[in-house]
Amino acid sequence: MVRSFFAIDLPAALTAEIQVIQAHLRNVGADVGWTRAEGVHLTLKFLGDAAEDLIEPLAQAAGRVAAGHAPLTLRVAGAGIFPDRRRPRVLWLGLDGDLDRLADLQKGIEAAAAEFGFAPENRPFRPHLTLGRFRSNRRKNELLLQVEKLRPRPLEFLAEEVVLFKSDLKPTGAVYTPLDRLPLKGEKLEDKP
């Protein structure tokens, strides 16, 4: 079995900015398990454990979906908490830009995975970049105040591919290895003659 997921990888400039944001928020001393900045990505579909013989056909099906979509312009837009302030579990950065087209891409990847028996996500797709997960309420309120004040730079990037990642859980955190890269080859409507 291969623990895997489909995601959009982030450019180095955004990873560096995430490191700066996390360093600032760590100073609060809240009990948060911080995501390694180089491991932050935009998840489109978490598969969990997949049989090894499904990986290649699954990547091919998702690749056909990706090929029908144009590259996406995305940018960082704000920060927040899931599910809410009273019961914070996940600290995230939000995204803006081609969100409607991103949602269409995500639905297509979800449908391709469903053809191989992967259950569709029962929650609505909310594109975000996970910075960390709360482990307890220690200094929670202080961290929430910092998150409310946080004004990340609106770094813009072009997402040109979907990556099928393998996830290996280690004591030091998850290690992500690209298994396949699926280019976004379609044309934007305004690019067509």
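All of the points below concern the structure found in this document. Quick caveat: nothing in here was measured; it's all calculated off a predicted structure.

Digging into the overall build of the protein chain
Phase 1: Scanning the protein chain for helices and strands turns up 4 helices and 9 strands.
Phase 2: In the protein chain, the order of α-helices and β-strands from amino to carboxyl end is β-α-β-β-α-β-β-α-β-α-β-β-β.
Phase 3: Since a compact globule built from 193 residues should have a radius of gyration of about 16 Å, the 17 Å found for the protein chain is in line with a globular shape.
Phase 4: Taken over the C-alpha atoms alone, the protein chain extends approximately 50 × 45 × 30 Å along its principal axes.
Phase 5: Evaluated residue by residue, the protein chain yields a buried proportion of 45% over its 193 residues.
Phase 6: Counting only contacts in the protein chain whose residues sit at least 6 apart along the sequence, the fraction spanning at least 24 positions is 78%.
Phase 7: Accessible surface computed for the protein chain: about 10,500 Å², of which carbon and sulfur atoms make up 49%.

What to know about the packing of aromatic side chains
Phase 1: Under the definition given, this model contains 4 aromatic pairs.
Phase 2: The interplanar angle of 90° and the centroid separation of 5.2 Å between the aromatic rings of phenylalanine 5 and tyrosine 176 together place this pair among those described as edge-to-face. In this pair, phenylalanine 5 is assigned in strand β1 (residues 2-8) and tyrosine 176 in strand β9 (residues 173-183), connecting sequence segments 171 residues apart.
Phase 3: Looking at tyrosine 176, the relative accessible area reads 28%, which means it is partly exposed.
Phase 4: Between the aromatic rings of phenylalanine 165 and tyrosine 176, the centroid separation amounts to 6.4 Å while the plane-to-plane angle is 65°, which identifies the pairing as edge-to-face. Of the two residues, phenylalanine 165 sits in strand β8 (residues 161-170) while tyrosine 176 sits in strand β9, which places them 11 residues apart along the sequence.
Phase 5: Ring-pair connections join several aromatic residues into one group, and the members of that group are Phe5, Phe165 and Tyr176.

Describing helix α1 (residues 12-26)
Phase 1: Here α1 is 15 residues long and its end C-alpha atoms lie 21 Å apart, about the 21 Å a rise of 1.5 Å per residue gives.
Phase 2: The complete set of buried residues in α1 reads Leu14, Thr15, Glu17, Ile18, Ile21, Gln22 and Leu25. Angularly, the buried residues of α1 cover 160° about the axis, an arc narrow enough to put them on a single face. Exposed and facing more than 90 degrees away from the buried side of α1 are Ala12, Ala13 and Val20.
Phase 3: Buried residues along α1 sit in contact with β2 (32-34), β4 (72-82), β5 (90-97), β6 (128-134), α4 (140-149) and β7 (156-159).

What about the side chain of lysine 45?
Phase 1: Structurally, lysine 45 is set in strand β3 (residues 42-50).
Phase 2: According to the relative accessible area criterion, lysine 45 is buried, its value standing at 5%.
Phase 3: A distance of 2.7 Å separates a polar side-chain atom of lysine 45 from the backbone oxygen of alanine 119.
Phase 4: When near neighbours in sequence (up to four residues on either side) are disregarded, lysine 45 contacts Phe5, Phe6, Ile109, Glu110, Ala113, Phe118, Ala119, Pro120 and Glu121.

A short note on the pairing of β6
Phase 1: Taken across its 7 residues, β6 has 5 buried, putting it largely inside the fold.
Phase 2: Looking at chain direction, β2 and β6 are connected through 3 bridges and run antiparallel. The partner of valine 32 across the bridge, within β6, is phenylalanine 134.
Phase 3: Two elements, β5 and β6, share 5 bridges in a ladder whose sense is antiparallel. By the bridge assignment, leucine 93 is partnered in β6 with leucine 129.

About the cut-offs
Residues numbered from 1 in each chain as written. Predicted model: local features only at pLDDT ≥ 70, side-chain atom pairs only at ≥ 80, totals over all residues. Heavy atoms only, no water. Helix = DSSP H or I, 4+ residues; strand = E, 2+ residues; numbered from the N terminus. Rg over C-alpha atoms; globule rule 2.2 N^0.38 Å. Buried < 20%, exposed > 50% of the residue type's maximum accessible area, 1.4 Å probe, protein only. Contact = heavy atoms within 4.5 Å. Areas by Shrake-Rupley, 256 points an atom, 1.4 Å probe, with all protein chains shown as cover. Phe/Tyr/Trp six-rings, centres within 6.5 Å; stacked < 30°, edge-to-face > 60°. Expected span 1.5 Å × (residues − 1). Arc of directions from axis to C-beta. Polar contact = N/O pair within 3.5 Å; in protein donor to acceptor, adjacent residues only side chain to side chain. Pairing = 2+ DSSP bridges.

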